[in-house]
Amino acid sequence: MFQLFERAILGMAFLRILSGSIEILVAIIILKLNDIEKALVVNSSLAIIGPMILIITTSIGVIGLSDKISFSSIIWIFIGVACILYGVKGH
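Residues numbered from 1 in each chain as written. Predicted model: local features only at pLDDT ≥ 70, side-chain atom pairs only at ≥ 80, totals over all residues. Heavy atoms only, no water.

Considering the overall build of the chain
(1) Moving on: When helices and strands are tallied, the chain shows three helices and zero strands.
(2) Moving on: Relative to the compact-globule value of 12 Å for 91 residues, the chain shows a C-alpha radius of gyration of 17 Å, a clear excess of over 25%.
(3) Moving on: If one aligns the C-alpha atoms of the chain with their principal axes, the spans along those axes are about 50 × 40 × 10 Å.
(4) Moving on: For the chain, with 91 residues in total, the buried portion stands at 15%.
(5) Moving on: Partitioning the contacts of the chain with sequence separation of at least 6, the portion at a separation of at least 24 is 56%.
(6) Moving on: Only carbon and sulfur atoms are counted for the fraction: they give 73% of the accessible area of the chain, which is about 7100 Å². (Helix = DSSP H or I, 4+ residues; strand = E, 2+ residues; numbered from the N terminus. Rg over C-alpha atoms; globule rule 2.2 N^0.38 Å. Buried < 20%, exposed > 50% of the residue type's maximum accessible area, 1.4 Å probe, protein only. Contact = heavy atoms within 4.5 Å. Areas by Shrake-Rupley, 256 points an atom, 1.4 Å probe, with all protein chains shown as cover.)

Have a look at this one:
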């Protein structure tokens, strides 16, 4: 049977669509709240969702590539993601 997209691509795209939808929903909630303290609390919840989506999406991509790249390359990819997360943590 003809397959239009790889499963890994569909998974990654779905997660990004989900992430974007959550971002839009949070923006609407912030507008409805019209209160800066409550808006900051709602916005802070995105600080949890964003990195989780990044890690899961990267993991799906690496799993999709696992038969094409070496184990050491996979480790370097995850080290790179860890560095990104550490860098944006805001020390």
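Some remarks on unusual backbone geometry
(1) Moving on: The phi torsion at Asn34 lies on the positive side, around 50°, for a residue other than glycine.
(2) Moving on: Here Asn34 shows up in the loop between helix 1 (7-33) and helix 2 (36-65).
(3) Moving on: Using a relative accessible area of 70% as the deciding quantity, one classes Asn34 as exposed.

Some remarks on the UniProt feature "transmembrane region" (unreviewed entry) in the chain
(1) Moving on: The positions that UniProt labels "transmembrane region" (unreviewed entry) are, in the present scheme, residues 12-33, 40-63 and 69-88.
(2) Moving on: For residues 12-33, the helix share is 100%, the strand share is 0%, and the end-to-end C-alpha distance is 31 Å.
(3) Moving on: As a span, residues 69-88 carries 90% helix and 0% strand, and end to end its C-alpha atoms are 27 Å apart. (UniProt positions renumbered as here; feature names shortened; annotations may be inferred.)

Considerations on the side chain of Thr58
(1) Moving on: Residue position: Thr58 is located in helix 2.
(2) Moving on: Those residues in contact with Thr58 that sit more than four places away from it in its chain are Ile77 and Val81.

So, a nonpolar patch on the surface
(1) Moving on: Taken together, the side chains of Leu4, Phe5, Ile9 and Leu10 present a nonpolar region at the surface, about 420 Å² in accessible area.
(2) Moving on: Note on placement: Leu4 falls in the segment before helix 1. (Patch = residues over 30% accessible without salt bridge, like charges linked within 9 Å, V, L, I, M, F, W, Y side chains within 5 Å. Salt bridge = Lys/Arg side-chain N within 4 Å of Asp/Glu carboxyl O.)

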